[in-house]
Structures are given as structure tokens and as C-alpha cells.
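Letter by letter, the chains look like this.
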Amino acid sequence: MRGGGRVGSKKAFLTRSGLDRRAMTAIGFIDEWGPDNVHIAMTRFSGWNVLLNGLTGQRGWGRQWRDPEPKDGYDAVIVGGGLHGLATAYYLAKNHGVKNIAVLEKGWLGGGNAGRNTTIVRSNYMLPGNREFYEHSLKLWEELSHDLNYNVMFSQRSHVSLLHSPAAVDAAARRYNTMRLTGSDGELWQLDELKKNVPHLNYGPDTRFPICGAAVQRRAGTARHDAVAWGYARAADGRGVDIIQNCEVTGVTRDGGKVTGLETSRGTIRGKKIGFAVAGNTSRLWTMAGLGTLPIESHKLQAFVTEPVKPLLDQVVVFGVGGAHFYISQSDKGGMVFGGDIDWYKSYAQRGNLPMIQDVAECATSVLPCLGRLRLLRHWSGVMDMSMDGSFFICKTPLDNLYLNAGWNYGGFKASPASGWYFADLIANDRPHRIIAEHDLGRFERGVNIDERGAGPDPKLHG
């Protein structure tokens, strides 16, 4: 994607608008004009900006980010042009003043897991490290559109986790009380309140999964995945970051315990510091670096969207019981967006299969029977980097200047802002922040398991 719009003559544009350059710049309508009166800099979005473009034929929009040729070397190179990689580059430039940064993406921005998920944002984690991390991420989400000057369409519509037994209610009370005691929000809904807020669920006495109540986080919700990718790309580019698309890493050059360069489809690129943020493809790059194996398995996770319907579901609704796992929300266009379990076999494929379609469809109709006659428009698959305990890695590696961001399981989208924030902090300062100190590759040797579900050391069970 090359953000953009039409580029035109400054003289003709200003003549049509009736405003001089000083006035246009003051309201953020233009930023910079290059040689031959060509608009070359990023436009700042504002109400005035939208109004004036509407009155002048939409001719004032510039490119949203550049398409630069790669340099020979950079101070920091981030491999992976998804949300985590773009956020890392942005916070390296914004928070730490790093000037010479590149993001390498083998395809197009947001074409991997960033564009292949159900876009749920929440912070209902309980264990130390996870609790603080995901709460920080949610707080970043709440201000992200203003921070990036780009509408990421974050909708705080509530995250409703259905509960199906008294034991589930007790477990949720423990988790959500922990959240409330550590500066977050959470509440338990009795059945009457749940029926009032989400009336279309299957509350019948003979339902497959009887519903007792729900655990709710009102500040949670959804965002628009492509808008987040474009917003971070635009903001990073505005701070001088080179975003290099169609640049696949094909090899890692080492000199002893240090990475000296990356072999890519667009030539050799050197970097003083290198960060991997490539989700389910992490093990491939890890092997290129000659580092052996990782405590990560790559599994595919499918997601689905139906034909659009009138407003039906105002919240994100989730349940997991009896071997079933399901989550659903309704998009701005009216489609029902949902997903379930990962495929248990390991794969790098970005396509789904029929058994999982059947499984998720059964879950959908068991809890929302009204969906039964909707037509499925499309489905897709992302490659998930599943760790042994279901929690992520943001850490240093055995190589002095190589840093790892991986193991996101189901948490990648919601974690994007905090992932970039903490990964940038690690790369800039060469040490982990105290919040992520235990999220390293050595934690299993120390007997540390950050296992939110208590599922044990089996990656495929941490969905």
C-alpha cells in the first residue's frame, strides 16, 4: 500500500481554495511543498483539513508515507512490517530519538497477521507481568487515534465473557477482582443483566452450553486492523523511518556473536541493532541466524465474516467451555466477525480448512441460533506463534545486537501498542523494562511459567 491521493500544483490549489500558504499550513492543511510546487509531505488530519478538501475537490491530500529505496545501513532495523514492527519503529523514533530506522516487510504493510485477525482489544489478564503489560496496551489504545493523528476506529463496546457454571463464576471473580485491585475495570453480570444487554443469546433450558452470567470489561472492544497499520506507518514515516516493502529477508550474516547484516531480496542491509517481529515466521528467521530451535510452534488460526446484517450485537461476546472456544463481534459494515480454536497441526499456511469451519459454525449457532441462516462471505488464516506457556517473549537473544519479539499466541493484535513500546525500550536501552523482565527465553529454565489458562506446556492448548 502506498498511502496517497492526488498530487497537484500548489498555485492552482491555493487559487481555488482562496487561502494563502501561511493559512493553509497553520491549520495543518499542508506541511511542505517541494521543487516544482509538488506537495511532498504528510498532511495533518483535522476537521478544517477535511472541510477544505471537501470544498476544493479533494486535491490537497498528499502521500501518507514514502516508498524509499533501502540504504546500506541503519542504526536499527526492524524485520516485520506488521503492527508490532511498525509500532516498534514509531516508539523508537518518538520515545528514544533514534533517527536512522528501517522496517523491512516481505510483502505489503499489514498483509500478515495484522490483517488476519478478529481485532479484539482487552486487558483482562491476571498474572504479574501480563496484567501490567496488557493494561498499558489498553491505555495506549485509548489515546492512539490522537497520538497517531489517524482514526484507528477503536470502539470500546465491552468484552463479555460468558460463564457456564458456578466454578467459572468463582474463577472469573478472582480474575476480575485482581484487575480492579490493579487499576483496571471489570464487573460480573448476573443472568438478568446479561439478558438485558445481550438479548439474542441462547438462554433456553436445554441449550448445549447453559449460561450462568458473564464477566465484563467495558473499556475493551475492537479496532480497525488496516487503519492501525496505516496509522503507525504514517506516523513512523513522519519521524523519518524508512518503511521498505517487498523486501524479504533471505539470510542473516553473522560475525561471531553479532549480526552484521541482513541479506534481502533488495540487497544487503546492515544494522547496528536488529529486531525480529515476524509472528509465526519467527522460527524461520531464527534458523537463518543459526540459533537452532525456539520454544514456539506455528499454528494457523482461522477467522470468518458473514454477509452484513442490521445491528445485532453491540459487544464482543466470548465463551470457552467443554472443548469449545468462540468469539464474535459485529463490524461497522454489519458483518458478523468471529473465530475459535487454532488448527492443532503445525503449519505456515495462510488458508483454512473445512473441519475448523464446521467447529466454529457449531459454536456460533449454539450460542447465537439467529446466525444459522447467514451466509459466510469469506474466511482467512493467520500464522500464530504459540509459546509453551501461552505468553510472549520480548527479550535479548544469544547474539549481542539481535532482539526478539514473538510468542504472541492469541494476544498479538491487542498487544500491538505495548509490544512496540516495550520492544523499542529494550532495543534503545539494551535491557528489558521491569514489567517484561520475566518474558525472556530463559524463563522456563528458571521455572517461571506465565500460564494464564493453566493449560500446561503444550502450545496448541493456549488458544
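Relevant structure appears above.
Not measured: the values here are computed from a predicted model.

Analysis parameters
- Residues numbered from 1 in each chain as written.
- Predicted model: local features only at pLDDT ≥ 70, side-chain atom pairs only at ≥ 80, totals over all residues.
- Heavy atoms only, no water.
- Patch = residues over 30% accessible without salt bridge, like charges linked within 9 Å, V, L, I, M, F, W, Y side chains within 5 Å.
- Areas by Shrake-Rupley, 256 points an atom, 1.4 Å probe, with all protein chains shown as cover.
- Salt bridge = Lys/Arg side-chain N within 4 Å of Asp/Glu carboxyl O.
- Buried < 20%, exposed > 50% of the residue type's maximum accessible area, 1.4 Å probe, protein only.
- Axes fitted to C-alpha atoms, helices over the stretch in contact; angles between N-to-C directions.
- Helix = DSSP H or I, 4+ residues; strand = E, 2+ residues; numbered from the N terminus.
- Parallel < 35°, antiparallel > 145°, perpendicular 65-115°, else oblique.
- Left-handed = near helix turned anticlockwise from the far one by under 90°.
- Contact = heavy atoms within 4.5 Å.
- Nonpolar A, V, L, I, M, F, W, Y, C, P; charged D, E, K, R; others polar.
- Core = buried A, V, L, I, M, F, W, Y, C linked by side-chain atoms within 4.5 Å.

A. Examining a nonpolar patch on the surface more closely. Nonpolar side chains collect at one region of the surface, where Trp-48, Leu-51 and Leu-55 lie side by side and expose about 370 Å² of accessible area between them. Overall, Leu-55 belongs to the exposed group, its relative accessible area being 64%.

B. Region of the structure containing the packing of helix H4 (residues 83-96) against helix H9 (residues 225-238). Two elements in contact, H4 and H9, have axes separated by 9 Å at closest approach and are oriented at 30°. Taken together, the axes of H4 and H9 lie roughly parallel to each other. Relative to H9, H4 is oriented so that their crossing is left-handed. On H9, the residues touching Leu-83, Leu-86, Ala-87, Tyr-90 and Tyr-91 of H4 are His-225, Val-228, Ala-229, Tyr-232, Ala-233, Ala-235 and Ala-236. Counted by class, the contact of H4 with H9 contains eleven nonpolar, one polar and no charged residues.

C. Summary view of the nonpolar core. Ranked by size, the top nonpolar core spans 53 residues in total, and within it Phe-133, Trp-141, Val-228, Tyr-232 and Ile-394 carry the most contacts. Within the residue set of this core, elements represented by two or more residues are strand E1 (73-79), H4, strand E2 (101-104), helix H5 (130-142), helix H6 (144-148), H9 and helix H12 (412-429).

D. Representation of the environment of Trp-108 in the model. Structurally, the position occupied by Trp-108 is in the loop between E2 and strand E3 (120-121). Assessed through its relative accessible area of 51%, Trp-108 is described here as exposed. C-alpha of Trp-108 to C-alpha of Ser-161: the two residues are 53 residues apart in sequence and 34 Å apart in space.

E. Local environment of unusual backbone geometry. For Gln-58, which is not a glycine, the phi torsion comes out positive at approximately 55°. Along the polypeptide, Gln-58 turns up in the loop between helix H3 (47-55) and E1. In this structure, Ala-279 takes a positive phi of about 50° despite not being glycine. By the secondary structure assignment, Ala-279 is in the loop between strand E11 (267-276) and helix H10 (282-288). Owing to a relative accessible area of 21%, Ala-279 belongs among the partly exposed residues under this scheme.

By themselves, these are just geometric observations and shouldn't be taken as functional.
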